[in-house]
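Report on the structure
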Amino acid sequence: EAGVAQSPRYKIIEKRQSVAFWCNPISGHATLYWYQQILGQGPKLLIQFQNNGVVDDSQLPKDRFSAERLKGVDSTLKIQPAKLEDSAVYLCASSSSGRSSYNEQFFGPGTRLTVL
Amino acid sequence: AQSVAQPEDQVNVAEGNPLTVKCTYSVSGNPYLFWYVQYPNRGLQFLLKYITGDNLVKGSYGFEAEFNKSQTSFHLKKPSALVSDSALYFCAVWYSSASKIIFGSGTRLSIRP
């Protein structure tokens, strides 16, 4: 089966600019996650979707970050405006589980964002 | 507060020797425990998980992990290391009480020939 797709793979922007990342999960996976992985740290969950509804967005900086999964399939994560500290790899993952996260997640290759 | 600790940033092992990558977690309800591996320029891959039952869990690529409730640990092990095992390993814990998954900071495993 095809894996989780993400684009772009790399993005370089200047601070205060906007950027958007796209993710297409494994077909049939109802749960989609966005993580932020800063260099030297483990992934930090930003937002979790169950179909097109938000399950958890408690760690999403809502003043600048937004995410949507309108049709319950692919998803977009946006940062507006970007700050230097947003430089990180943004990972998308999907799983076949319901609201609970005890099924394994399948990760995409990530988007490496550099904010100058 | 829920937390996950991987006390070693790096583990170095000679090929053929046994390896252990350590993980401890804070106690909160009944956590579900996972190990993921990240190879260079690739996404994280699932290795194994503990939900309930036998404390020794077997996973992909010959890895296994032992759940120790009294020590709140979930160490990853392999009897005989391969050079191809060199990668970044993450322990993760899902806390049902908070419906939240938390990843450790990662341990870089380096296997020398």
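Overview of the structure. (Residues numbered from 1 in each chain as written. Chains lettered and ligands numbered in written order. Predicted model: local features only at pLDDT ≥ 70, side-chain atom pairs only at ≥ 80, totals over all residues. Heavy atoms only, no water.)

**Focus on the overall build of chain B**
Our working rule: The secondary structure listing takes helices from DSSP runs of H or I that are at least 4 residues long and strands from runs of E that are at least 2 residues long, numbered from the N terminus. Values of the radius of gyration come from C-alpha atoms, whereas the globule rule sets the reference at 2.2 Å times the count of residues to the power 0.38. Note on exposure labels: buried denotes an accessible area under 20% of the residue type's maximum, exposed denotes more than 50%, and partly exposed covers the range between, all computed with a 1.4 Å probe on protein chains only. The method behind every accessible area is Shrake-Rupley, applied with a 1.4 Å probe, and residues are considered shielded solely by the protein chains displayed.
In terms of helices and strands, chain B carries zero helices and 12 strands. For chain B, the N- to C-terminal ordering of α and β elements is β-β-β-β-β-β-β-β-β-β-β-β. Compactness check: chain B gives a C-alpha radius of gyration of 13 Å against a globular reference of 13 Å for 113 residues, within 12% of the reference. Dimensions of chain B, computed from the C-alpha atoms along their principal axes, are close to 45 × 30 × 20 Å. When burial is assessed residue by residue, chain B has 50% of its 113 residues classed as buried. Surface accessibility of chain B: about 5,300 Å² in total, with carbon and sulfur atoms responsible for 48%.

**Focus on the overall build of chain A**
This is how the line gets drawn: Any two residues whose heavy atoms approach within 4.5 Å at even a single point are treated as in contact.
Scanning chain A from N- to C-terminus turns up zero helices and 11 strands. If you list the helices and strands of chain A from N to C, you get β-β-β-β-β-β-β-β-β-β-β. For chain A, whose C-alpha radius of gyration is 13 Å, the value lies close to the compact-globule estimate of 13 Å for 116 residues. Overall, the C-alpha framework of chain A stretches about 35 × 25 × 25 Å when taken along its three principal axes. A total of 116 residues make up chain A; the buried ones form 47% of that total. Taking all contacts inside chain A whose residues are at least 6 apart in sequence as the whole, residues at least 24 apart take part in 54%.

**Concerning the interface of chain B and chain A**
What counts, and what does not: Defined here as a combined quantity, buried area equals the accessible surface (1.4 Å probe) lost by two parts on assembly, summed across both. For this document, the term salt bridge refers to a Lys or Arg side-chain nitrogen within 4 Å of an Asp or Glu carboxyl oxygen.
In this complex, chain B contributes 18 residues to the contact, which on the side of chain A involves 21 residues. Summed over the three residues of chain B that lose the most area to chain A, namely Leu-44, Ile-101 and Phe-103 of chain B, the buried surface amounts to 29% of that side. At the junction of chain B with chain A, the criterion picks out one salt bridge. The salt bridge involving Lys-49 of chain B is made with Glu-104 of chain A; its shortest N-O contact spans 3.3 Å.

**Quick notes on unusual backbone geometry**
Residues and elements named next belong to chain A. In this structure, Pro-8 follows Ser-7 across a cis peptide bond, with omega equal to -10 degrees. Cis rather than trans, the peptide bond between Gln-80 and Pro-81 has omega equal to -5 degrees. Despite not being glycine, Arg-16 has its phi angle at roughly 80 degrees, a positive value. Positionally, Arg-16 belongs in the loop between strand E2 (10-13) and strand E3 (19-24).

**Focus on the state of the cysteines**
What counts, and what does not: We call a pair of cysteine sulfur atoms a disulfide whenever their separation is within 2.5 Å.
In this structure the tally under the stated criterion is two disulfides over all chains. The residue that forms a disulfide with Cys-23 of chain A is Cys-92 of chain A, at a sulfur-sulfur distance of 1.9 Å. As the torsion about the S-S bond is roughly -70 degrees, the Cys-23 of chain A-Cys-92 of chain A disulfide counts as left-handed. Of the two residues, Cys-23 of chain A sits in strand E3 while Cys-92 of chain A sits in strand E9 (residues 88-95), which places them 69 residues apart along the sequence. Exposure remark for Cys-92 of chain A: the relative accessible area of 0% places this residue in the buried category. For Cys-23 of chain B, the disulfide goes to Cys-91 of chain B, at an S-S distance of 2.0 Å. As the torsion about the S-S bond is roughly -60 degrees, the Cys-23 of chain B-Cys-91 of chain B disulfide counts as left-handed. One end of the pair, Cys-23 of chain B, is in the loop between strand E3 (19-21) and strand E4 (24-25); the other, Cys-91 of chain B, is in strand E10 (residues 87-95), with 68 residues separating them in the sequence.

**Observations regarding the pairing of strand E4 (residues 31-37) of chain A**
Residue and element names in this part refer to chain A. Basically, it comes down to this: Strands were regarded as paired on the criterion that DSSP finds at least two bridges between them.
Counting buried positions along E4 yields seven of seven residues, so the element is predominantly enclosed. What you see with E4 is no split at all: Thr-31, Tyr-33, Tyr-35 and Gln-37 on one side and Leu-32, Trp-34 and Gln-36 on the other are buried throughout. Bridge analysis of E4 against strand E5 (residues 44-50) gives six bridges, and the strand direction is antiparallel. Directly across from Leu-32, in E5, lies its bridge partner Phe-49. With seven bridges connecting them, E4 and E9 associate as antiparallel partners. If you follow Leu-32 over to E9, its bridge partner there is Ser-94.

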